[in-house]
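So you can see what is in the structure, the chains are spelled out below.
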Amino acid sequence: MTILTETYTLSNGVEIPKLGLGTWFIDDDNAADAVTAAIEIGYRNIDTAQAYGNERGVGEGFRDSGIAREDLFVSTKLAAEIKAYDRATAAIDTSLATLGLDHVDLMLIHSPQPWNDFRGGDYAEGNREAWRALENAYQAGKLRSIGVSNFEQHDLDNILANCTTTPHVNQLLVHAGNTPTELIAYCQDNGILVEAYSPIAHGEILNNPDVAAMADRYGVSVPQLCIRYTLQLGTVSLPKTANPDHMRSNAQLDFDITDDDMDILRNLRARDYGEHSVFPVYSGK
């Protein structure tokens, strides 16, 4: 058994592979090749989003892979700007059509606020409406599981107080240097699995000498250490890459980080994302 065959079980009994492939910043024209390569290597968990603009290519990659649909775990996300039931319902169907699938395994609300007002105004009612659309698509069998992304505790409380289906997942920015320990614990206490996006801090963690020194002690690369860290937190890890060599390396995780080193990484503060700080999720707002 390798990490690519290990799974978590969501609160509704659906199994999700512990390691997946993130596809943010992979162009639609290149997405099919990236997904096909990942599946050939052994990845079965592929994460995309309406906002990534590559659902068509991702879906093409699935079909080109020759792997049975039931052996793949496909995630996408409702655009952050959609905060109305009718628009959300239509967007769910559009994603299915663009991907060329009759169902997806997980669909998330991408953010509790539109990107141009990230961590800004109150969109509680809009999130309830978007969630209702996801719940109905879930009940209809279009979505095998549903969840949220970038939701803080008060955003989750809004859903939990009004939902008929508790979110199965909350996808968050989690990496050595940015570990929202209390929020992860809150999710786990409520049966919500956390997925870690940007587990390598969008590449910036490669420049951290302390993390590099720790990786050297384990005889692994910095990405391998960082991905292993998020897995040992109990999260799904979603490193993004279109490079097959990196896909292979990212899955070579046959080592364990000691409790003491986990504490060091958990308490590390490293949130300088360089040029990527222009993106809302890295802006520190």
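In this text, all values refer to a predicted model and were calculated from it rather than measured experimentally.

**Some words on the side chain of Glu-55**
Part 1: Take Glu-55: it is sitting in helix α2 (residues 55-65).
Part 2: Despite its burial, Glu-55 pairs with no opposite charge; the closest candidate is Lys-77, at 8.6 Å N-O.
Part 3: Engagement of the side chain of Glu-55 in a polar contact is seen with the side chain of Thr-76, the distance being 2.6 Å.
Part 4: Residue contacts for Glu-55: discarding those within four places in its chain leaves Asp-28, Thr-48, Ala-49, Gln-50, Thr-76, Ser-95, Thr-98 and Leu-99.

**Let's talk about the UniProt feature "active site" (unreviewed entry) in the protein**
Part 1: This chain's UniProt record puts "active site" (unreviewed entry) on Tyr-52.
Part 2: Within the secondary structure, Tyr-52 is located in the loop between β4 (45-47) and α2.
Part 3: Those residues in contact with Tyr-52, other than ones at most four positions away along the chain, are Thr-23, Trp-24, Asp-47, Lys-77 and His-110.

**Some points on the UniProt feature "site: Lowers pKa of active site Tyr" (unreviewed entry) in the protein**
Part 1: Per the UniProt annotation, the sites labelled "site: Lowers pKa of active site Tyr" (unreviewed entry) are Lys-77.
Part 2: Checked against the element boundaries, Lys-77 lands in strand β5 (residues 73-78).
Part 3: Classification of Lys-77 by relative accessible area gives buried; the value is 0%.
Part 4: In contact with Lys-77, other than residues within four places in its own chain, are Asp-47, Thr-48, Ala-49, Gln-50, Tyr-52, Met-107, Leu-108, His-110 and Gln-171.
Part 5: Here Thr-48 takes part through its backbone oxygen, which lies 2.8 Å from a polar atom of the side chain of Lys-77.

**Quick look at helix α8 (residues 222-232)**
Part 1: Most of α8 sits inside the fold, with 10 of its 11 residues counted as buried.
Part 2: Looking only at α8, the buried set comprises Val-222, Pro-223, Gln-224, Leu-225, Cys-226, Ile-227, Arg-228, Tyr-229, Thr-230 and Leu-231.
Part 3: Close packing links the buried residues of α8 with β1 (7-9), β9 (193-197), α7 (209-218), β10 (236-238), α9 (244-250) and α10 (259-267).

**Some thoughts on the pairing of strand β7 (residues 146-149)**
Part 1: Every second residue of β7 is oriented toward a common face, with Ile-146 and Val-148 on one face and Gly-147 and Ser-149 on the other, all of them buried.
Part 2: Two strands pair when backbone bridges link them, and strand β6 (residues 106-109) and β7 are joined in this way by 3 bridges, in the parallel orientation. Note on β7: the bridge partner recorded for Met-107 is Ile-146.
Part 3: With helix α4 (residues 124-139) bridging β6 and the parallel β7, this β-α-β connection has right-handed handedness.
Part 4: Between β7 and its parallel partner strand β8 (residues 169-173), the chain crosses via helix α5 (residues 153-160), and the hand of that crossover is right-handed.

**Some remarks on α7**
Part 1: Restricting attention to buried positions, one finds in α7 the residues Val-211, Met-214 and Ala-215. Down the axis of α7, the sector holding all buried residues measures 100°, keeping them to one side. The exposed residues of α7 that point more than 90 degrees off its buried face are Pro-209, Asp-210, Asp-216 and Arg-217.
Part 2: Those residues of α7 that are buried are in contact with α8 and α10.
Part 3: Backbone nitrogen of Asp-210 and a side-chain oxygen of the N-cap are separated by 3.0 Å at the start of α7; the cap is Asn-208.
Part 4: Positive backbone phi, at 70°, marks Gly-219, one or two positions downstream of α7.

**Remarks on the environment of Val-14**
Part 1: By the element assignment, Val-14 lies in the loop between β1 and β2 (15-17).
Part 2: Beyond its immediate chain neighbours, meaning those up to four positions away, Val-14 contacts Tyr-8, Thr-9, Phe-73 and Arg-144.

Basis of the calculations
Within any chain, residue numbers begin from 1 and follow the written order of that chain's sequence. Local features in this predicted model are restricted to residues of pLDDT 70 or higher, and side-chain atom pairs are both shown and tallied only at a pLDDT of 80 or more, whereas totals for entire chains, interfaces and linings draw on every residue. With hydrogens and water set aside, each side-chain value is computed from the structure's full complement of heavy atoms. Secondary structure elements follow DSSP: runs of H or I no shorter than four residues count as helices, runs of E no shorter than two count as strands, and numbering proceeds from the N terminus. Relative accessible area decides the class of each residue, using a 1.4 Å probe on protein chains only: under 20% of the type maximum gives buried, over 50% gives exposed, and in between gives partly exposed. Asp and Glu are treated as the negative residues and Lys and Arg as the positive ones, with His and the ends of the chain left uncounted. In the sections that follow, a salt bridge refers to a side-chain nitrogen of Lys or Arg positioned within 4 Å of a carboxyl oxygen of Asp or Glu. Polar contacts, as used here, are pairs of N or O atoms within 3.5 Å; protein pairs need one atom able to donate a hydrogen and one able to accept it. Residues neighboring in sequence count only if both atoms are side-chain atoms. In what follows, residue pairs with any heavy atoms lying within 4.5 Å of each other are defined as contacts. UniProt positions are given in the numbering used here, feature names are shortened, and annotations may be inferred rather than shown by experiment. A pair of strands is treated as paired once DSSP finds two or more bridges between them. Handedness of a crossover: with both strands directed away from the viewer, a clockwise path from the first strand across the helix to the second marks it as right-handed. Here the arc refers to the set of directions running from the helix axis out to each C-beta atom.

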